[in-house]
Amino acid sequence: MEAAEPEDSAVAERLLTSSLRTSYDPVVEIDWDAPHTPGAYWLPPHRSSLYGTALWSGLREEQRVELTKHEVASTASAGLWFETILMQMLIRHYYDADPTSPRAQYALTEVADECRHSIMFGRLIEAMGCPVYRADPFDHLLGRFLKATASGPRMYAAILVAEEILDAFQREIMADESLQPLIRMVSRIHVVEEARHVRFARDELARQVAAAGPVGMAYARLLVGRAAHSIANRLVHPDAYAAVGIPPAVGRAAARANPYWQATLRWSAARVHDHLAGVGLVGGPGRLLWARAGLI
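Residues numbered from 1 in each chain as written. Predicted model: local features only at pLDDT ≥ 70, side-chain atom pairs only at ≥ 80, totals over all residues. Heavy atoms only, no water.

Undergrad: So what exactly am I meant to see when it comes to the environment of Ser18 here?
TA: Examined against the element boundaries, Ser18 turns out to sit in helix H1 (residues 4-21). Ser18 sits 229 residues away from Pro247 along the chain, and the two C-alpha atoms are 46 Å apart. (Helix = DSSP H or I, 4+ residues; strand = E, 2+ residues; numbered from the N terminus.)

Undergrad: Teacher, can you tell me more about the packing of aromatic side chains here?
TA: Centre-to-centre distance and the angle between the planes together describe a pair of aromatic rings. Scanning the model with the defined rule gives 7 aromatic pairs in all. Ring geometry for Tyr51 against Trp56: centres 5.8 Å apart, planes inclined by 65°, an arrangement best described as edge-to-face. By the ring-pair criterion, three or more aromatic residues cluster together here, those being Tyr51, Trp56 and Tyr260. Between the NZ or CZ atom of Arg47 and the centre of the ring of Trp267, over which it lies, the distance is 3.6 Å. Cation over ring: Arg234 sits above Trp81, and NZ or CZ is 5.3 Å from the ring centre. (Phe/Tyr/Trp six-rings, centres within 6.5 Å; stacked < 30°, edge-to-face > 60°. Lys NZ or Arg CZ within 6 Å of the ring centre and 35° of its normal.)

Undergrad: For this particular structure, what's the right way to read the pattern of salt bridges?
TA: If the charged atoms of two oppositely charged side chains come close together, the side chains can form a pair. By the definition in use, this model includes 13 salt bridges. When the shortest N-O distance is used, the salt bridge between Arg60 and Glu62 registers 2.9 Å. Accessibility expressed as a relative area gives 49% for Arg60, which makes it partly exposed. A salt bridge links Glu66 to Lys69, with the shortest nitrogen-to-oxygen separation between them at 3.4 Å. Here Glu66 and its partner Lys69 are both found in helix H4 (residues 61-95), 3 residues apart, which amounts to about one turn of the helix. In this structure Glu66 comes out as partly exposed when scored by relative accessible area, which is 26%. Several salt bridges share partner residues, and in doing so they unite Arg103, Asp203, Glu204 and Arg207 into one network. (Salt bridge = Lys/Arg side-chain N within 4 Å of Asp/Glu carboxyl O. Buried < 20%, exposed > 50% of the residue type's maximum accessible area, 1.4 Å probe, protein only.)

Undergrad: Help me understand the packing of H4 against helix H6 (residues 137-149), please; the structure alone is not making it clear to me.
TA: Geometry of a packed helix pair, given as the angle between the helix axes and the separation of the axes. Between H4 and H6, whose axes approach to 8 Å, the crossing angle comes to 20°. Taken together, the axes of H4 and H6 are roughly parallel relative to one another. The two elements H4 and H6 meet at a crossing, and its hand is right-handed. Residues Trp81, Ile85, Gln88, Met89 and Arg92 of H4 pack against Asp139, His140, Gly143, Leu146, Lys147, Ala148 and Thr149 of H6. Here the contact of H4 with H6 is composed, by residue class, of 5 nonpolar, 4 polar and 3 charged. (Axes fitted to C-alpha atoms, helices over the stretch in contact; angles between N-to-C directions. Parallel < 35°, antiparallel > 145°, perpendicular 65-115°, else oblique. Left-handed = near helix turned anticlockwise from the far one by under 90°. Contact = heavy atoms within 4.5 Å. Nonpolar A, V, L, I, M, F, W, Y, C, P; charged D, E, K, R; others polar.)

Worth remembering: the numbers are spatial, not functional.
Have a look at this one:
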């Protein structure tokens with residue numbers, strides 16, 4: 001066992017070194033007072049939940065831009081919600097860890113990153129002039145349950161679901177020069193730092209899956225499926241549609257029936273779904289939740 005420790009810690013050691021080289025303070029790195037670019041979208045139009053629908057066709061160009069702004073605010077609000085959960089899960093994990101180990105120290109480094117990301121998302125919502133789109137009461141309670149109890153494979157799998165779905169959108173946003181500079185910069189910072197978080201979570205997940213028994217894995221599949229369902233439903237809060245004069249229930253129904261949005265959801269979840277399925281964490285009733293959320 002003594003000889004295994006350097007190998008076990010190798011990923012964490014590399015990530016600690018990388019964190020020293022490429023970490024950002026968004027309060028300093030981003031010009032929050034810069035004027036927004038007139039007419040520029042906040043995410044690629046084809047990633048809007050209403051793109052291609054009759055409702056989209058009925059919107060003026062400035063309303064379409066406004067809708068994407070509120071959709072981004074909704075996704076940022078979902079990101080804030082989950083990052084708060086994630087930080088508390090990581091701190092619980094650290095509580096029982098060896099504080100001298102690189103893995104424990106990287107867990108704390110990730111918490112520090114997520115603190116900055118939460119500030120960044122809060123500043124983004126404020127700079128856009130949008131409301132915070134909060135979780136509904138059920139998801140709020142689910143978050144309390146996750147942050148208080150999730151451990152082992154269900155903890156790291158839930159982390160991967162949230163981080164990798166958001167990462168798919170942000171990688172596309174940061175590369176699209178037609179979009180608002182503010183959201184491109186926010187996305188770039190988040191993508192760079194989240195790449196480390198995903199690598200760490202995948203490494204820890206492999207370790208946890210290897211140690212989990214059949215009952216633990218069955219419970220993890222169900223809990224991860226529920227987390228995936230909640231995260232997908234939180235991407236666009238129905239109240240975001242009200243910003244362009246569309247009743248929330250009408251907008252949500254149109255989005256759910258929209259084949260373009262259905263394809264976007266599957267695209268955003270493809271990488272993490274394939275990885276989790278490959279380690280045995282998608283199946284049974286949990287898989288039905290992935291399907292109900294439109295992620296597969």
